[in-house]
Amino acid sequence: MSNEIVNWIKNEVKKAKAKGVIVAVSGGIDSAVVAALAIKAFPKNSLGLWMDIDSSQESSRNALRIFSKYNMKNIRINIKNDFDNLFKTIFEVPDLYKDVKTYENYIKTGIMPEADKSYLEDPNIDLIKGNLKARIRMSILYSYEQKNNFLVLSTSNLCEDEIGYYTKWGDGVGDIAPIIHLLKSDVYKLAKELDVPLNVINSKPTADLWEGQTDEEEMGFTYDELEKYIKGEKISSSSKNKIELLKLKNNHKKKNIPSMR
């Protein structure tokens, strides 16, 4: 299985007239498998990026294990402080421009109006933060992609793609997608073939976007149930309804931007 994918990666890179490939390594099994495939395809022209924004210790250790296992050239970036400051800037910026009087008072005195911190009470704050993290990481990844003339390898698998389980304009994008045709169980099989470290294989799947987050808990059903649904096999009506609701909710992620053109 790996040889077929590796050959495909090589051909796609050649067609794009690129020099190699780059992958965001999170410490999870999907990015580990894609990193291993990258090294097989381009031993000298593969780059792994680990971008730490409140990453768990387990994910951080696993990312380092992956780099070490495959002797992969890597760049490790900790942007927690930058992210925290950016998030506050986005949601706590005082409204200097709500009227002329407020603006002129600021120009005259330099005193900022009181920051609005009501966003901290938003029930979706973890999700908002998580999606911003994913989009920032992808922006960084593409900066290195352009600098090196590499192609970005997507780490999405078939299960995630089926229900749109990724951040739009974040971890759901890439130049080529080497494992998007594989079910999660196939990814595990490929991981064993590629000798992915057991610590990675045995870790619970997580996007690591907030503390304690796991894929299956957030989705509300297991990968096993999702695979059975994709294959047309019987699952509980509760899980089936949750899957179809999520597909409907995330359908916009898989379509081109609607327009009147």
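Everything numeric here is computed off the predicted structure, so don't read it as measured data.

Parameters at a glance
- Residues numbered from 1 in each chain as written.
- Predicted model: local features only at pLDDT ≥ 70, side-chain atom pairs only at ≥ 80, totals over all residues.
- Heavy atoms only, no water.
- Pairing = 2+ DSSP bridges.
- Helix = DSSP H or I, 4+ residues; strand = E, 2+ residues; numbered from the N terminus.
- Axes fitted to C-alpha atoms, helices over the stretch in contact; angles between N-to-C directions.
- Buried < 20%, exposed > 50% of the residue type's maximum accessible area, 1.4 Å probe, protein only.
- Polar contact = N/O pair within 3.5 Å; in protein donor to acceptor, adjacent residues only side chain to side chain.
- Contact = heavy atoms within 4.5 Å.
- Core = buried A, V, L, I, M, F, W, Y, C linked by side-chain atoms within 4.5 Å.
- Salt bridge = Lys/Arg side-chain N within 4 Å of Asp/Glu carboxyl O.
- Parallel < 35°, antiparallel > 145°, perpendicular 65-115°, else oblique.
- Left-handed = near helix turned anticlockwise from the far one by under 90°.
- Nonpolar A, V, L, I, M, F, W, Y, C, P; charged D, E, K, R; others polar.
- 1 Å grid on protein atoms, 1.4 Å probe; cavity = no way out; pocket = protein on both sides within 12 Å on 5 of 7 lines; lining within 4 Å.
- Points joined across faces, edges and corners; volume = space filled by probe spheres on them.
- Patch = residues over 30% accessible without salt bridge, like charges linked within 9 Å, V, L, I, M, F, W, Y side chains within 5 Å.
- Areas by Shrake-Rupley, 256 points an atom, 1.4 Å probe, with all protein chains shown as cover.
- Expected span 1.5 Å × (residues − 1).
- Arc of directions from axis to C-beta.

K.L.:
Help me understand the sheet that holds strand E2 (residues 46-52) in this model?
P.N.:
Strands in a sheet are paired, the pairing made by backbone hydrogen bonds, and the direction either parallel or antiparallel. Pairing in this open sheet of four strands is parallel, and the strands run E3-E2-E1-E4 from one edge to the other. A single partner strand is all that each edge strand has here, and the edge strands are strand E3 (73-78) and strand E4 (150-152). Taking the axes of each pair of neighbouring strands and ignoring which way they run, one obtains an average angle of 25° across the sheet. Inspection of the sheet shows strand E1 (residues 20-24) paired to E4 by three bridges, in the parallel sense. Bridge pairing links Ile 22 to Val 152 in E4.

K.L.:
What is the right way to look at the side chain of Glu 162 in this model?
P.N.:
In this fold, Glu 162 is placed in helix H7 (residues 158-163). Relative accessible area serves as the criterion here: at 18%, Glu 162 is assigned to the buried category. A polar side-chain atom of Glu 162 sits 2.9 Å from a polar atom in the side chain of Lys 247. Apart from the residues within four sequence positions on either side, Glu 162 is in contact with Tyr 229, Ile 230, Lys 247 and Lys 254.

K.L.:
So what exactly am I meant to see when it comes to the nonpolar core here?
P.N.:
Most often, soluble globular proteins have nonpolar side chains that are buried together. Of all hydrophobic cores here, the largest spans 37 residues; its most connected members are Ile 9, Val 33, Leu 37, Leu 153, Leu 194 and Val 196. Looking at this core, the elements with two or more residues in it are helix H1 (2-15), E1, helix H2 (29-41), helix H3 (57-69), helix H8 (184-193) and helix H9 (198-201). Sort the elements by how many residues they give to this core and H2 lands first, with 10 residues. Excluding residues within four positions of it along the chain, Ile 9 makes contact with Val 21, Leu 37, Ala 41, Phe 42, Leu 153, Ile 176 and Pro 178. Counting 18 residues, the second largest nonpolar core, distinct from the first, contains Phe 87, Ile 140, Phe 150 and Val 152.

K.L.:
Could you clarify how one ought to interpret the environment of Phe 91 in this entry?
P.N.:
Tracing the chain through its elements places Phe 91 in helix H4 (residues 80-92). Its relative accessible area of 32% is what places Phe 91 among the partly exposed residues. Sequence-wise, Phe 91 and Ser 154 are 63 residues apart; in three dimensions their C-alpha atoms are separated by 30 Å. The residues contacting Phe 91, other than those within four sequence positions of it, are Asp 116, Tyr 119 and Ile 128.

K.L.:
I would appreciate a short explanation of the pattern of salt bridges in the present structure.
P.N.:
Note that side chains of opposite charge can pair when their charged atoms are close. For the structure on display, the rule yields eight salt bridges. Lys 80 serves as the salt-bridge partner of Asp 84, at 3.0 Å between the closest nitrogen and oxygen. Linking Asp 84 with Lys 80, this pair stays in helix H4, spanning four residues, or about one helical turn. Residue Lys 80 is classed as partly exposed on the basis of its relative accessible area, which comes to 32%. For Asp 224, the salt bridge identified is with Lys 228, shortest N-O distance 3.5 Å. Within this pair, Asp 224 and its partner Lys 228 are both found in helix H11 (residues 223-230), separated by four residues, close to a single helical turn.

K.L.:
When you look at the environment of Glu 227 in this model, what are you seeing that I'm missing?
P.N.:
Mapped onto the fold, Glu 227 is located in helix H11. Separated by 180 residues in the primary sequence, Glu 227 and Leu 47 have C-alpha atoms spaced 31 Å apart. Apart from residues lying up to four places away in sequence, Glu 227 is in contact with Cys 159, Leu 183, Lys 184 and Ser 185. Reaching out from Glu 227, the side chain makes a polar contact with the backbone nitrogen of Ser 185 at a distance of 2.6 Å.

K.L.:
Even after reading the chapter, I still don't get the packing of H1 against H2, so can you show me in this structure?
P.N.:
A packed helix pair is summarised by two numbers, namely the angle formed by the two axes and the spacing between the axes. The contact between H1 and H2 brings their axes to 9 Å, and the two run at 65°. As judged from the angle between their axes, H1 and H2 are roughly perpendicular. For the element pair H1 and H2, the recorded crossing hand is right-handed. Across the interface between the two elements, Ser 2, Asn 3, Ile 5, Val 6, Ile 9 and Lys 10 from H1 touch Leu 37, Lys 40 and Ala 41 from H2. Residues that form the contact of H1 with H2 fall into these classes: five nonpolar, two polar and two charged.

K.L.:
Would you explain the layout of surface pockets in this entry?
P.N.:
To locate leftover empty space, one rolls a probe as large as a water molecule over the atoms. Roughly 150 Å³ of internal volume is contained in the second largest pocket. Tyr 166, Thr 167, Lys 168, Trp 169, Gly 172, Val 173, Lys 253, Lys 254, Lys 255, Asn 256 and Ile 257 together form the lining of the second largest pocket. For the lining of the second largest pocket, the residue count by class is four nonpolar, three polar and four charged.

K.L.:
How do you make sense of a nonpolar patch on the surface when you look at a structure like this?
P.N.:
Residues Leu 86, Ile 90, Phe 91 and Ile 128 make up a contiguous nonpolar surface patch of about 300 Å² in total accessible area. Broken down by element, the residue count for the nonpolar patch peaks at three residues, all from H4.

K.L.:
Just checking my understanding: could you explain H1 for this structure?
P.N.:
Each α-helix winds once per 3.6 residues, and so residues spaced three or four apart point in a common direction. Helix length check: H1 (14 residues) gives 20 Å between terminal C-alpha atoms against 20 Å at 1.5 Å per residue, within 8%. Taken residue by residue, H1 has Ser 2, Ile 5, Val 6, Ile 9, Glu 12 and Val 13 as its buried positions. An end-on view of H1 places all buried positions within 125° of arc, on one side of the element. For H1, the exposed residues lying more than 90 degrees away from the buried face are Asn 3, Glu 4, Lys 14 and Lys 15.

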